[in-house]
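Summary of the model geometry
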Amino acid sequence: MKRRNFAHRPGCAVEATLDLIDGKWKGVILYHLQNGTQRFGELRRRMPGITQRMLTKQLRALEDDNLVIRKVYAEVPPRVEYRLSEIGESLRPVIDTLKAWGEGHQERLSCGPAADPVKTPKRAA
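Before going into details, it helps to say that this report is about the structure given with it.

Cut-offs used in this document
Residues numbered from 1 in each chain as written. Predicted model: local features only at pLDDT ≥ 70, side-chain atom pairs only at ≥ 80, totals over all residues. Heavy atoms only, no water. Helix = DSSP H or I, 4+ residues; strand = E, 2+ residues; numbered from the N terminus. Contact = heavy atoms within 4.5 Å. Areas by Shrake-Rupley, 256 points an atom, 1.4 Å probe, with all protein chains shown as cover. Pairing = 2+ DSSP bridges. Buried < 20%, exposed > 50% of the residue type's maximum accessible area, 1.4 Å probe, protein only. Polar contact = N/O pair within 3.5 Å; in protein donor to acceptor, adjacent residues only side chain to side chain. Salt bridge = Lys/Arg side-chain N within 4 Å of Asp/Glu carboxyl O.

Assigned secondary structure in the chain consists of six helices and three strands. A sequence separation of at least 24 residues applies to 45% of the contacts in the chain between residues at least 6 apart. Surface exposure of the chain reaches about 9,500 Å², of which carbon and sulfur atoms provide 54%.

In structure tokens, the structure reads:
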């Protein structure tokens, strides 16, 4: 994936970092890979909302950006494993901070638990 040139712009370091982990799934993939090497199917089970095509696309982009290492075993059926690269590991504090912030604000975020509907007493007519 071709990266944009952020050099010599205010906030360029932030833009460059966000460009690497942009989108709905890259940060989630990086989060799950913090637990160690995982196979494609394991990642897919941990993220039930992602399609196989999108997971493949996001893993390839992370691999192209040297954040993830893909290892293919010459077996039948083929076995492919993914793990964080050294650069990917260096994002661990960023991902952990995003997780902590999300947990602290979960109630007001859309991923928070659903609020119980307020029941109003019925009035007699």
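A few words now on the pairing of strand E2 (residues 68-73). Side-chain positions along a regular strand alternate between the two faces of the sheet. Sheet topology note: the E2/strand E3 (residues 79-84) ladder contains six bridges and is antiparallel. Within E3, the residue paired with Val-72 across the bridge is Val-80. Counting the residues in the hairpin turn of E2 and E3 gives five residues.

In spatial order, the strands read E1-E3-E2; together these three strands make up an open sheet with antiparallel pairing. Taken across any chain shown, the strands that pair with only one partner, and hence form the sheet edges, are strand E1 (38-39) and E2.

Further remarks concern the environment of Lys-26. Position of Lys-26 among the secondary structure elements: in helix H2 (residues 26-33). Judged by its relative accessible area of 1%, Lys-26 falls in the buried class. Linking Lys-26 and Lys-57, residues 31 residues apart in sequence, is a C-alpha distance of 10.0 Å. Separated by 3.3 Å, the side chains of Lys-26 and Asp-22 make a polar contact.

Glancing now at the pattern of salt bridges. Overall, the coordinates contain five salt bridges when judged by the stated rule. For Glu-75, the salt bridge goes to Arg-79, with nearest N and O atoms at 3.0 Å. For Arg-92, the salt bridge goes to Glu-89, with nearest N and O atoms at 3.0 Å. Given the relative accessible area of 28%, Arg-92 is considered partly exposed. Look at Glu-89 and you get partly exposed, because its relative accessible area is 34%.

Worth remembering: the numbers are spatial, not functional.
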